[in-house]
Amino acid sequence: MKILVCISHVPDTTAKIQFTADASALDANGVQFVINPYDEFGLTRALQLNEQLGGTVTAVTVGDASVEPTLRKALAIGAHDAVRVDALALDPIQVARELSAVALAGAYDLIVCGQESIDYNGGIVPAALAEILGWPVVSPCIGFDPAGGRAKATREIDGGKEILDLALPAVLGAKKGLVEESELRIPNMRGIMSARTKPLVVTAPQGANPGSAAVSFTKPAGKSAVQMIDAQDLDTLVQKLHEEAKVI
Amino acid sequence: MVVVFAETWSGQFKKSTFEAVQYASACAKAQGTQALAVVIGPASAPVESLGAHGVHKVLHLHGPEQFETAQYAALLAGVAQELNSSLIVVSGTANGRALMGALSVRAEASAISNVTALPLSYSPLRVVRGAFSSKGIETCESRLPRSVIGLIPNAIGLKDYSDSDAAFEDRSSSETARATVLEQQLASGSIALPEADRVVSAGRGMKAPENWGMIEELAKTLGAATACSKPVSDIGWRPHREHVGQTGIQVNPQLYIAIGISGAIQHLAGVSSSKTIVVINSDPEAPFFKAADYGIVGDAFDVVPRLTAAIKKYLN
């Protein structure tokens, strides 16, 4: 099975988010970047399928040279090769169009994305990519088992889940459940060493246009100071929730 | 014309559907145009109830009984193109979010999700959206003549519309699905987290999964959904669908009660837009208190049953 795993280069989940002085972009100073957590679930499932079924796992991202350490990490975890589309994308439609060109060039059986990236939280790329390719999409995908050119996939829905039957090739938007947290792989020394020599191909962008662009960023207003309430005086809490906060 | 996807759930509309419909109606009014609600699927859907939410017309497309991304995207895009609509509104539910990417490609539109308020302007379209898992607020501008907006559940309050002179039209639909739903498994009786008004959430401070009875009892008393922290879902004490935080569900309720959760930055990212946050923790140094409106230092096993009793007393 030939699998393409789309990797997003995002601030670590513990990062404090600050914006540049002109409020136009994320201030990346001092920010540690990681593989998007949702993509890690997808990458791990891709590697598991590769161990069962053979084939290749290719990691791809859209970005400038600064994202290469994140792609190398995907190689260290176990991807066989990587592609970087050399473009600074402004929105998810542009990302999906650039990824679709890589997808079409590689004749993949499966494309795995994260259900969303934890930076811009769009959640747009999996279904947009599938629609450009004319393939089925399952997102958020919390279970995937291929057999004979088809697959059974589990999709999370509000208040439960559903089981889908679909033909491959397909696009998945991965979420925890596709693999468990405990199954995630951490690069070992051998993986890190071999990642240095695995192929990382840089391709020119198609020149796809974005559908939208960020104009400015602000931070949410801070909370006012907490009111501490005595644990023996819960009637006061109930009264405040009713009269002050007006939520009960 | 503003087109809004009126999502059904087991043949019914949810609160998030009415929010999306009212949002679309407000967008239409601001532009001096009209809003059209599109219902796809079940013949049993109570389409008349949409008329009271400000739309000019309700279009009921008969055919598919169950949501499938590509099929629903094609149907909605077809309506938007037929009407030359500049704006399509969907709610940020699991299905709405799944739909947006496909719909925007099919309708040759931009896709702007996580939207929290009415547009700042319409030409060009500028909207405010949550980014960086609620650690940032982005103003986003569309560069295409048509846009799909995904509205976060609970972001706008529902209001009463007095006029209800909507027209209704039924049509059969013919787009094909690319995947088949074999079965659905729904957690019975529970309230879906993303659009819950009240959420009772608990963490490792509960010590063991068998201690969740008091959490469920408090949630039941408040009519709240239950949720949990990431460590609790990772070790399997609670199902993944209850995991609230940066890599789990983002919630936006009126009231969020956090019990035995320390308040890691990843958890706060998923809950910080809650209107009122109550934190109950035995550790007075728990970082969650800094993000709370009301804090109680105490043992959950002592405080929670008494809080349930106090709320029951108040409700009576």
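Note that the structure is predicted; figures quoted are calculated from it, not measured.

(A) Representation of the overall build of chain A. Regarding its fold elements, chain A presents 6 helices and 13 strands. Counting only C-alpha atoms and orienting by the principal axes, one finds that chain A spans roughly 65 × 45 × 40 Å. By sequence separation, contacts in chain A at least 24 residues apart represent 71% of the contacts at least 6 residues apart.

(B) Summary view of the sheet that holds strand E6 (residues 110-114) of chain A. The mixed open sheet is built from 10 strands, whose spatial order is E11(A)-E5(A)-E4(A)-E1(A)-E6(A)-E10(A)-E7(A)-E8(A)-E9(A)-E13(B). In this open sheet, the two strands that pair with only one neighbour each are strand E11 (200-203) of chain A together with strand E13 (179-186) of chain B. Averaged over all neighbouring strand pairs, the angle between strand axes comes to 25°, with direction disregarded. The pairing of strand E9 (residues 160-167) of chain A with E13(B) spans 7 bridges and is antiparallel. Considered in E13(B), the bridge of Ile163(A) is made with Glu183(B). Lying on the sheet, helix H3 (residues 92-106) of chain A is in contact with strand E1 (2-6), strand E4 (56-62), strand E5 (81-85) and E6 of chain A; it crosses E4(A) at an angle near 150°.

(C) Local environment of the sheet that holds strand E17 (residues 276-281) of chain B. Spatially, E13(A)-E18(B)-E17(B)-E16(B)-E14(B)-E15(B) is the arrangement adopted by the 6 strands of the open sheet, whose pairing is parallel. This sheet does not close on itself; its edge strands, each paired only once, are strand E13 (227-228) of chain A together with strand E15 (225-228) of chain B. Pairing geometry for strand E14 (residues 198-202) of chain B and E15(B), over 4 bridges, is parallel. Looking at the pairing, Val199(B) lines up with Ala225(B) of E15(B). The strands touched by helix H4 (residues 213-222) of chain B are E14, E15 and strand E16 (255-259) of chain B; relative to E14(B), the strand with the most contacts, the crossing angle is about 175°.

(D) Structural detail: unusual backbone geometry. In this structure, the amide linkage connecting Ser139(A) to the following residue, Pro140(A), adopts the cis form with an omega of -5°. Position of Pro140(A) relative to the elements: it lies in strand E7 (residues 137-147). Here the bond from Leu168(A) into Pro169(A) is cis, since omega is 5°, no more than 30 degrees from zero. Topologically, Pro169(A) is positioned in the loop between E9 and strand E10 (170-174). Unlike most non-glycine residues, Ser10(B) shows phi in positive territory, near 50°. Within the secondary structure, Ser10(B) is located in the loop between strand E2 (8-9) and strand E3 (12-13).

(E) Structural detail: the domain arrangement of chain B. Residue and element names in this part refer to chain B. Split into domains, chain B comes out as domain 1 (2-172) and domain 2 (193-315). On a C-alpha basis, the centres of domain 1 and domain 2 stand 31 Å from each other. Its residues assigned to classes, the side of domain 1 that touches domain 2 shows 3 nonpolar, 5 polar and 3 charged.

(F) Quick look at helix H4 (residues 125-133) of chain A. Residue and element names in this part refer to chain A. The element H4 is largely enclosed, with a buried count of 9 among its 9 residues. Among the residues of H4, those classed as buried are Val125, Pro126, Ala127, Ala128, Leu129, Ala130, Glu131, Ile132 and Leu133. Of the residues flanking the end of H4, it is Gly134, one or two places downstream, whose phi is positive at about 75°.

(G) Representation of the interface of chain B and chain A in the model. Facing 79 residues of chain B, the contacting portion of chain A comprises 69 residues. No other element matches the 11 residues that helix H3 (residues 94-106) of chain B contributes to the side of chain B that touches chain A. Looking at the side of chain B that touches chain A, its residues break down into 37 nonpolar, 27 polar and 15 charged. Sheet topology places strand E12 (residues 212-218) of chain A next to strand E10 (residues 136-142) of chain B; 6 bridges connect them, and they run antiparallel. Paired with Thr218(A) across the strands is Ile137(B), a residue of E10(B).

(H) Inspection of the nonpolar core at higher detail. All names here are of chain B. Within the largest apolar cluster, 133 residues are counted, with the highest numbers of intra-cluster contacts made by Val4, Val38, Leu76 and Val89. Element by element, the count of residues in this core is highest for helix H2 (residues 69-82), at 9 residues. Sequence-distant contacts of Val38, defined by excluding residues within four places in its chain, comprise Val3, Val4, Phe5, Ala6, Leu59, Leu61, Leu76 and Val79. Counting residues in each nonpolar core, the second largest holds 50 residues, with Ala224, Ile257, Ala269 and Ile296 among its members.

(I) Structural context of the packing of H4(A) against H3(B). The contact between H4(A) and H3(B) brings their axes to 6 Å, and the two run at 40°. The angle between the axes of H4(A) and H3(B) places the two elements in the oblique class. Relative to H3(B), the crossing made by H4(A) is right-handed. Contacts from Val125(A), Pro126(A), Ala127(A), Ala128(A), Ala130(A), Glu131(A) and Ile132(A) of H4(A) reach H3(B) at Ala98(B), Leu99(B), Met100(B), Gly101(B), Ala102(B), Ser104(B), Val105(B) and Arg106(B).

(J) View of the packing of helix H6 (residues 234-243) of chain A against helix H7 (residues 300-315) of chain B. Relative orientation of the contacting elements H6(A) and H7(B) amounts to 55°, with a least axis distance of 9 Å. Judged on the interaxial angle alone, H7(B) and H6(A) are oblique. Judged by the sense of rotation from one axis to the other, the crossing of H6(A) with H7(B) is right-handed. Here Leu234(A), Asp235(A), Val238(A) and His242(A) of H6(A) lie close against H7(B), whose contacting residues are Arg306(B), Leu307(B), Ala310(B), Ile311(B) and Tyr314(B). Partitioned by chemical class, the residues of the contact of H6(A) with H7(B) number 6 nonpolar, 1 polar and 2 charged.

About the cut-offs
Residues numbered from 1 in each chain as written. Chains lettered and ligands numbered in written order. Predicted model: local features only at pLDDT ≥ 70, side-chain atom pairs only at ≥ 80, totals over all residues. Helix = DSSP H or I, 4+ residues; strand = E, 2+ residues; numbered from the N terminus. Contact = placed C-beta atoms within 7 Å. Pairing = 2+ DSSP bridges. Axes fitted to C-alpha atoms, helices over the stretch in contact; angles between N-to-C directions. Domains from an automatic or database assignment. Nonpolar A, V, L, I, M, F, W, Y, C, P; charged D, E, K, R; others polar. Buried ≥ 20, exposed ≤ 12 C-beta atoms within 10 Å, placed from the backbone. Core = buried A, V, L, I, M, F, W, Y, C linked by C-beta atoms within 7 Å. Parallel < 35°, antiparallel > 145°, perpendicular 65-115°, else oblique. Left-handed = near helix turned anticlockwise from the far one by under 90°.

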